[in-house]
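Tertiary structure, described
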Amino acid sequence: MIILRMLLGRILSLVPLLLGVTLFVFIVMRFSPVDPALAAFDGANATAEQLERFRRENGLLDPWPVQYGRFVWNLMHGDFGVSVITKQSVGDTITTALPLTLQLTLMGVVIAIVVSLLLGITSAVFRDRWPDQVIRIVSLAGVAAPAFWIALLLVQWLAVGEGLFPSSGYVSPQDSFSGWLNSMTLPAIALAMPVAAQLTRVIRTSMVEELDKDYVRTARGGGLPPIVVVGRNVLRNALVTPLTVLGLRVGYLLGGAVVIETMFALPGLGQNMIQAVNDGDTSKVQGFVITIAIGFVLVNLIVDILYVIANPRLRSHS
């Protein structure tokens, strides 16, 4: 019952959080120097009457509370508005671009988890020996290295130098799975490495703390193989804290995808957002930012649920 109440409380807390996100995005876009009316005519020398008519027809002259209420009401019905440039539904653009961003983010999460588990566990098991020292130096360098810099190195080394992967472009998995994998590998690695480096350090710290506990000494003294002790008990208990960190870093992956997609010419939310900013298409920018923010909130809800499931202390009180 305690677990159910905790989960229900977290779900209910999403309502004011999401409202706060929409209000923040709405206010930021209203303070933007970009005039949607001017962007809509795109240098067509529109008259003052045409600009006034556009603002009136699109509700831009209404009081801000009215505009915000209409904005939230439309969002609740799945309406993200219409692009002032292309006159197409922003929701349709999001539906087309979002799957690629999700693919990139999911690949980044998988790579980050696999790499951090391998390095973090190895570092903890060989604590204060040379594998631990090497992994700690590498992870520290990874934390300090931004994703775009890693992307440049990967392109120069593996794409331009060795020719193993394409430097840009996207291939749909429906057209060619191998082509899709090749086009997504470098962006996913570049996106995942800073997160993997941070998770490695967190996993190592959590593992070291668990390995020093009495139950581990008892299990080892009872003759249990180290792989059983680490795999069955230590690892599960040590992953509670990294789960929380992973939830926060998934938000970083969603935001980092904006830069990585642009660098690798991937037609996801990121590249579309950059194009919308350059075009002054406020409706698209607004819709993309809210989509990413909602994704961040939902991911953290899922991580909260996994945290409750993985935490033995919470389960013991239910």
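The following refers to the structure shown. (Residues numbered from 1 in each chain as written. Predicted model: local features only at pLDDT ≥ 70, side-chain atom pairs only at ≥ 80, totals over all residues. Heavy atoms only, no water.)

**Comments concerning the overall build of the protein chain**
We apply this condition: Note on conventions: DSSP H or I runs of at least 4 residues are helices, E runs of at least 2 residues are strands, and numbering of each starts at the N terminus. A 1.4 Å probe rolled over the protein chains alone gives each residue an accessible area, and that area as a share of the maximum for its type sets the label: buried under 20%, exposed over 50%, partly exposed in between. Contacts were defined at the residue level, with two residues in contact if any of their heavy atoms lie within 4.5 Å. We get accessible surface area from the Shrake-Rupley algorithm with a probe of 1.4 Å; when it comes to residues, only the shown protein chains can shield them. Note on charges: Lys and Arg go in the positive column, Asp and Glu in the negative column, and His and the chain ends are not counted at all. A charged residue contributes its charge at one atom only: NZ of Lys, CZ of Arg, CG of Asp or CD of Glu.
A count of helical and extended segments in the protein chain gives 14 helices and zero strands. Listing the helices and strands of the protein chain from first to last along the sequence gives α-α-α-α-α-α-α-α-α-α-α-α-α-α. Dimensions of the protein chain, computed from the C-alpha atoms along their principal axes, are close to 85 × 55 × 35 Å. When burial is assessed residue by residue, the protein chain has 41% of its 318 residues classed as buried. In the protein chain, the share of contacts with a sequence separation of at least 24, taken over all contacts with a separation of at least 6, comes to 73%. Here the protein chain displays about 17,200 Å² of accessible surface, and carbon together with sulfur accounts for 66% of that area. Here the protein chain contributes 22 positive and 20 negative side-chain charges, whose respective centroids are spaced 14 Å apart.

**Concerning the environment of Ile150**
Along the chain, Ile150 turns up in helix α7 (residues 147-161). The spatial distance from the C-alpha of Ile150 to the C-alpha of Val297 is 27 Å, given a sequence separation of 147 residues. If near-sequence neighbours (up to four positions away) are discounted, Ile150 is found in contact with Ala145, Ala190, Met193 and Pro194.

**A few points about a nonpolar patch on the surface**
The following threshold applies: Note on patches: the residues involved have over 30% relative accessible area and no salt bridge, like charges join within 9 Å, and the nonpolar side chains Val, Leu, Ile, Met, Phe, Trp and Tyr join within 5 Å. The salt bridge definition used is simple: a Lys or Arg side-chain nitrogen within 4 Å of an Asp or Glu carboxyl oxygen.
The grouping of Phe148, Trp149, Leu152, Leu153, Val259 and Met263 at the surface amounts to a nonpolar patch, some 540 Å² of accessible area in total. Counting only elements with at least two residues in the nonpolar patch, the list comes to α7 and α11 (240-263). For the nonpolar patch, the element with the most residues is α7, which contributes four residues. Mapped onto the secondary structure, Leu153 falls in helix α7. Classification of Leu153 as partly exposed rests on a relative accessible area of 37%.

**Describing empty space enclosed by the protein**
Using the following cut-off: Lining residues are defined by having an atom within 4 Å of a point belonging to a cavity or pocket. Those points lie on a 1 Å grid over the protein atoms alone, cavities being sets where a 1.4 Å probe fits but cannot get out and pockets being open sets with protein on both sides within 12 Å along at least five of seven lines. Grid points are joined across faces, edges and corners, and a volume is the space filled by probe spheres set on the points.
Counted under the stated rule, the structure contains one cavity of 30 Å³ or more. Approximately 30 Å³ is the volume attributed to the largest cavity. Lining the largest cavity, in full, are Pro166, Ser168, Gly169, Asn182, Ser183, Leu186, Pro187 and Phe264.

**So, the packing of helix α5 (residues 90-125) against helix α6 (residues 130-144)**
Just so we agree on the cut-off: Structural elements are reduced to axes, namely lines fitted to C-alpha atoms, with helices fitted over the stretch in contact, and the angle between N-to-C directions of any two is expressed from 0 to 180 degrees. Between 65 and 115 degrees an angle is taken as roughly perpendicular, under 35 as roughly parallel, over 145 as roughly antiparallel, and anywhere else as oblique. Two helices crossing with the near one rotated counterclockwise from the far one by less than a right angle form a left-handed crossing, whereas a clockwise rotation gives a right-handed crossing. Residues were grouped as follows: Ala, Val, Leu, Ile, Met, Phe, Trp, Tyr, Cys and Pro as nonpolar; Asp, Glu, Lys and Arg as charged; and all remaining residues, including Gly, as polar.
As a packed pair, α5 and α6 sit with axes 8 Å apart at the nearest point and diverge in direction by 140°. Considering their axes alone, α5 and α6 lie oblique with respect to each other. In the packing of α5 onto α6, the handedness of the crossing is left-handed. Across from Leu119, Thr122 and Ser123 in α5, the residues of α6 making contact are Asp132, Ile135 and Arg136. Taken together, the residues of the contact of α5 with α6 sort by class into two nonpolar, two polar and two charged.

**Here we look at the side chain of Ser283**
Quick note on the threshold: Within 3.5 Å is the distance limit for a polar contact, defined as a pair of N or O atoms, with the added protein rule that one can donate a hydrogen and the other accept it, and that residues adjacent in sequence qualify only through two side-chain atoms.
Looking at where Ser283 falls in the secondary structure, it is placed in helix α13 (residues 282-310). Polar side-chain contacts of Ser283 include one of 3.2 Å to the backbone oxygen of Val82. If we skip the residues at most four places from it in the chain, Ser283 touches Phe80, Val82, Ser83, Val84 and Val90.

**Concerning the nonpolar core**
What counts, and what does not: The nonpolar core is taken to be a set of buried Ala, Val, Leu, Ile, Met, Phe, Trp, Tyr and Cys residues, with the residues joined through side-chain atoms within 4.5 Å.
The biggest cluster of nonpolar side chains holds 32 residues, and the ones touching the most others in it are Leu104, Ile260 and Phe264. Elements with a minimum of two residues in this core: α5, α7, α8 (177-211) and α11. Broken down by element, the residue count for this core peaks at 11 residues, all from α8. The contacts of Leu104, once residues within four sequence positions are left out, are Met184, Pro187, Ala188, Leu191, Ala257, Ile260, Glu261 and Leu266. One finds Leu254, Leu269, Ala276 and Val285 within the second-largest nonpolar core, a separate group that totals 21 residues.

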